[in-house]
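# Coordinate analysis (summary)
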Amino acid sequence: MSPAAGTPHPEWDDLDNGGAGGGALVDTLGRPMRDLRISVTDRCNFRCRYCMPKEIFGPDFAFLTRSAVLSFEEIARLARLSAALGVRKFRLTGGEPTLRAQLPALVQLLREISDVEIAMTTNGTMLKPLAAPLREAGLDRVTVSLDSLDDAVFRSMNDMDFPVALVLEGIEAAAAVGLPVKINAVVRRGVNDHTLIDLAGRFRGTPHTVRFIEFMDVGTTNGWRLDEVLPASDLVRMINERWPLEAVEAQYTGEVARRYRYRDGAGEIGMITSVTQPFCGTCTRIRLSAEGKIYTCLFAADGVDLREAMRAGATDDVLTSLIEGTWRAREDRYSELRSQSTPDLRKVEMSYIGG
Ligand code: SAM
Ligand code: SF4
Ligand code: SF4
């Protein structure tokens, strides 16, 4: 059962921020605002069919112009105000975040904000040159998306003929400079499910946890169908038959992945069960699009524009109350309400809002 509107959920026992008005900042379902996902660009060098299908994101697609995109100073300002409202983790994403020029300079600005963790989700193709400067600038960890080790399957899924080897080199480069690395793999029944035991096997015995993500109906262009979702429970069963697994307790409330460890001590895997076992009840994420709109759900149709306010001279107090008011009014729980008809609702694209 949900707590009364605006009261903290009983699971949140460590609320430590006041928000501008004194009481802890929680939404209508009692969820605090803890994670800020920052999309630094809506562009990408991949055309993963589940995210940016070529037919839509082709040569004529109108990506954001340079002036529409927030500057690093604007991003850092909003990040600082969010941290003052309770955010403890920033995640750089996109589009492909490493395509944004001078990205380490943004990490450096974010590093000046105290008590926050800085992570990034990337397709890994640019990590070879960028891992060291990002680490030096203060990046704490990285998640690399890699949907298959089968080169033909991977080239077809990214639809730009990018080879697996390039991503593996990126993962190695990140690990070599001391960045903890997780691997994300979107699971699409009939597309890459027959290659996932290999993927798990490749990272067994390494510090890199593979997290399998159920194919989601993000945006409106990826042709999502429920029958292409392989339930995580099926995948757990498949992997368990090969290498016995046991469930691990969540490390913290709001953790996205269900964790499993190999019984023989060879590490862990995670399952992101957004479709079959939604986790909206503990969702603490707010998203900032590259052009400065905030969204309180991955499946939202509209965001609140902070760029216009900022560029019109809004003070920190005004921006803080915009963020705070947006979070307090939040009632999103799309994945819990998902049905056959919800995929057709108007939603922002994932490459725009960030994963
Ligand atoms: N370009 C970067 C990358 O691919 O890691 C960051 C942005 S991407 C939108 C963030 C994450 O969302 C990736 O791990 C990607 O696999 C995942 N993703 C994209 N579309 C998805 C979908 N339809 N269902 C599930 N996950 C998806
Ligand atoms: Fe690009 Fe990431 Fe979307 Fe693939 S998932 S198209 S790499 S933004
Ligand atoms: Fe959070 Fe929306 Fe995903 Fe639910 S559907 S977990 S509210 S982003």
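Model, not experiment: these values are computed from the prediction.

### Quick notes on the site of ligand 1
Surrounding ligand 1, one finds 20 residues, the nearest of these being Gly 95, Glu 96, Ser 145, Met 216 and Met 350. At a separation of 3.0 Å, a nitrogen atom of ligand 1 approaches a polar side-chain atom of Glu 96. Thr 122 places a polar main-chain atom, nitrogen or oxygen, 3.2 Å from an oxygen atom of ligand 1. Protein chains bury 95% of the 540 Å² of accessible surface belonging to ligand 1 in isolation. Broken down by secondary-structure element, the contributors of at least two residues to the shell around ligand 1 are β3 (117–122), β5 (181–187) and β6 (209–214). Partitioning the shell around ligand 1 into residue classes produces eight nonpolar, ten polar and two charged.

### Some thoughts on the packing of helix α1 (residues 72–84) against helix α9 (residues 316–328)
Following both chains from N to C, one finds α1 and α9 inclined at 65 degrees, their axes separated by 10 Å at the closest point. The chirality of how α1 crosses α9 is right-handed. Contacts between α1 and α9 involve Arg 77, Leu 78, Arg 80, Leu 81 and Ser 82 from the first element and Asp 316, Leu 319, Thr 320 and Ile 323 from the second. Class assignment for the residues of the contact of α1 with α9 results in four nonpolar, two polar and three charged.

### Considering helix α5 (residues 164–176)
With 13 residues, α5 should cover 18 Å at 1.5 Å per step; its first-to-last C-alpha distance of 18 Å lies within 8% of that length. Buried within α5 we find Val 164, Val 167, Leu 168, Gly 170, Ile 171, Ala 173 and Ala 174. Looking at the buried side of α5, the elements it contacts are α3 (127–137), β4 (141–145), α4 (151–158), β5 and α6 (196–203).

### Some thoughts on the pairing of strand β2 (residues 89–93)
It is a general feature of regular strands that their side chains alternate between the two faces of the sheet. Counted residue by residue, β2 has five buried out of five residues, so it is predominantly covered. A two-sided burial pattern is seen for β2, the buried positions comprising Lys 89, Arg 91 and Thr 93 on one face and Phe 90 and Leu 92 on the other. Inspection of the sheet shows strand β1 (residues 35–39) paired to β2 by five bridges, in the parallel sense. Looking at the pairing, Leu 36 lines up with Phe 90 of β2. Between β1 and its parallel partner β2, the chain crosses via α1, and the hand of that crossover is right-handed. Looking at chain direction, β2 and β3 are connected through four bridges and run parallel. Considered in β3, the bridge of Arg 91 is made with Ala 119. Handedness of the crossover joining β2 and β3 through helix α2 (residues 103–111) is recorded here as right-handed.

Criteria and cut-off values
Residues numbered from 1 in each chain as written. Chains lettered and ligands numbered in written order. Predicted model: local features only at pLDDT ≥ 70, side-chain atom pairs only at ≥ 80, totals over all residues. Heavy atoms only, no water. Near = heavy atom within 4 Å. Polar contact = N/O pair within 3.5 Å; in protein donor to acceptor, adjacent residues only side chain to side chain. Areas by Shrake-Rupley, 256 points an atom, 1.4 Å probe, with all protein chains shown as cover. Helix = DSSP H or I, 4+ residues; strand = E, 2+ residues; numbered from the N terminus. Nonpolar A, V, L, I, M, F, W, Y, C, P; charged D, E, K, R; others polar. Axes fitted to C-alpha atoms, helices over the stretch in contact; angles between N-to-C directions. Left-handed = near helix turned anticlockwise from the far one by under 90°. Contact = heavy atoms within 4.5 Å. Expected span 1.5 Å × (residues − 1). Buried < 20%, exposed > 50% of the residue type's maximum accessible area, 1.4 Å probe, protein only. Pairing = 2+ DSSP bridges. Right-handed = clockwise from strand over helix to strand, strands pointing away.

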